[in-house]
Amino acid sequence: MPETPLTSPRVRFAPSPTGYLHVGGARTALFNWLFARHWGGTLILRIEDTDFERSSEAMVAGILEGMQWLGMDWDEGPFFQSQRLPLYRATADKLLAAGAAYPCFCTKEELEARRAEATAAGRPPMYDRRCRALAPAAAAARQAAGEAAAIRFAVPEGGATSFDDAVFGTVSFNNAELEDFVLLRSDGIPTYHLSVVADDVDMRLTHIIRGADHLSNTPKQVLQYQALGAPLPVFAHVPLILGPDKTRLSKRHGATSVISYKDLGIVPEAFRNFLALLGWTPGTDAAAGADGKTREVFLSDELIRLFSLAGISKSNSVFDNDKLAWFNTEYIRAYSPEQLLPLVQAEWAAAGFLPTLAPDSILATIALLQTRARSLKDFAGVFRAYFSDAFEFEPAAVAKFLKDPATPLLLVALGERLQAEPAFTEASTEATLRALAEERGIKAGILINGARVALTGQGVAPSLFAVMVALGRERTVDRLLAAPSIPVAMS
RNA sequence: GGCGCCAUGGUGUAACUGGUUAACACGUCGCCCUCUCAAGGCGAAGAGUACGGGUUCGAUCCCCGUUGGCGCUACCA
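Residues numbered from 1 in each chain as written. Chains lettered and ligands numbered in written order. Predicted model: local features only at pLDDT ≥ 70, side-chain atom pairs only at ≥ 80, totals over all residues. Heavy atoms only, no water.

A cis amide bond links G77 with the next residue in sequence, P78, at an omega value of 5 degrees. Considering the arrangement of structural elements, one finds P78 in strand β3 (residues 76-80). Even without being a glycine, S8 presents a positive backbone phi close to 40 degrees. With respect to the helices and strands, the residue S8 is situated in the segment before β1 (10-13). With a phi close to 65 degrees, K246 is a non-glycine residue in the positive phi region. (Helix = DSSP H or I, 4+ residues; strand = E, 2+ residues; numbered from the N terminus.)

So, in structure tokens, the structure goes:
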């Protein structure tokens, strides 16, 4: 279904640097990014660091690293709210002047005590609005005398506040449920409620795409837009991501930092694809393949082309590691060896591994292995023997296929023959091996399995003869001749 | 507790404005292929749409209630 085209929408990702870039935040960023890129709009990165207690520069760096890893760029920013304090002060003054806000002299301690009292008495623990009743002159005098005051928003006494959410439809709240929330703390630092509106207005944002945890905060913001006389943006609240136990995804569920998926050997685009499909669907029309089946792997710019707010679902979704693993294998296979190479090299660097294979052989070897890799980590782990002579033998594989002392000697014989052969192709090596097996009256499998271990250190590998060709004659022969010295664990 | 939101197989989703044997993907299981393991091919199990009432000739879809989950309820964001 064609949508109304949008002209230059402006959206933002506004993380709070009180932690790393987590999965939920990354998906919010992704939706904003996809939306901006789809419509040729502008993505603004804004760091909401007005909670000085919990914010840190290290976390800012972590968030930027996560964005970069996922390949999400932004057009403006990063802006830091901590550096925009005058704007919030000015916005509060506007609200004050409009009679939509008032100074409050209640201290934190008093408020806590009253809240406790109200809760104990079974009353809702909302602010009792006592400072709202203060005469403006009296309030001004107290402030002039140096008494610290917070600024609170004066929520209308009756009526309801509603807005149309692009995901949830019309959402309405009775104003009686909203308390006179604090805009500016008594130390002059804005709360989230004020800074978010001040910035969203100032940055001329047209769409607010954010987590559904903000749905209940939205009326407080709508009220401010109205008091400010500012046009309302389109809100689009995105349902949350849950862990396998269906509670909100958190550290208890293991990896929740986006960067930890890099460390797991996940291809960034695969992660992006996986994340995009968590709570969003391109719709059957757009995604249907020729066979009528719904495709889910959307390479390169396809996600951008397909993305639409209309496809965002309303219910929370569960993070499924199995599906992520599947996307990862799909991407590792879909990439060309050339595309994979830098990712593989990064793994080698991280592992301190130096390949000694010739560069053109490296690409061919990646091509040989990419259909069986589960993770980029494999290239610096179980696949080491393909790229360097510095590898280990897996004890279980040795014990299974080389325990018979006769086998290594057969492998030496095989090595000698291969050395003498004029050709060294998959067909020729196979013919040589099978001929040898027949002469010695043994099953070819003995040689094949034994050679696999001698050549790769593993009991599992691609077709043996393809492995031989990938390694080249020299390494193949060397490793076969060295078979008798492979340590067999005694057990 | 109050308010808000949500509810389709184990998981992610589909099912045009009510009419389908409730579809696809991941996962699971089986078979084939085979020098191992993946991949690949083929096939299977798995939900009658949280539950209960309506409305309707007919509800996954509309209405009400219940239950459950999640969110908000701070001078956090």
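There is more to say after this.
In spatial order, the strands read β4-β5-β8; together these 3 strands make up an open sheet with antiparallel pairing. Strands with a single pairing partner mark the edges of an open sheet, and in this sheet they are β4 (101-104) and β8 (182-184). For this sheet, the mean angle separating the axes of adjacent strands, direction not counted, is 45 degrees. Here helix α3 (residues 85-97) sits on the sheet in contact with β4, β5 (150-153) and β8, set at roughly 110 degrees to β4. (Pairing = 2+ DSSP bridges. Axes fitted to C-alpha atoms, helices over the stretch in contact; angles between N-to-C directions. Contact = heavy atoms within 4.5 Å.)

Quick look at the protein's contact with RNA strand B now. Near RNA strand B, the surroundings consist of 68 residues, among which D51, C106, R372, A461 and S463 are the closest. Within 4 Å of the protein, atoms of RNA strand B come from sugar and phosphate in 73% of cases. With respect to RNA strand B, the side chain of R152 contributes an N or O atom lying 3.4 Å from a phosphate oxygen. Note that a base oxygen of RNA strand B is positioned 2.8 Å from one of the backbone N or O atoms of S186. Looking at the surface near RNA strand B, the elements with two or more residues in it are α4 (108-120), β5, β7 (169-174), α6 (192-202), β12 (317-318), α12 (321-334), α19 (444-456) and α20 (464-471). (Near = heavy atom within 4 Å. Polar contact = N/O pair within 3.5 Å; in protein donor to acceptor, adjacent residues only side chain to side chain.)

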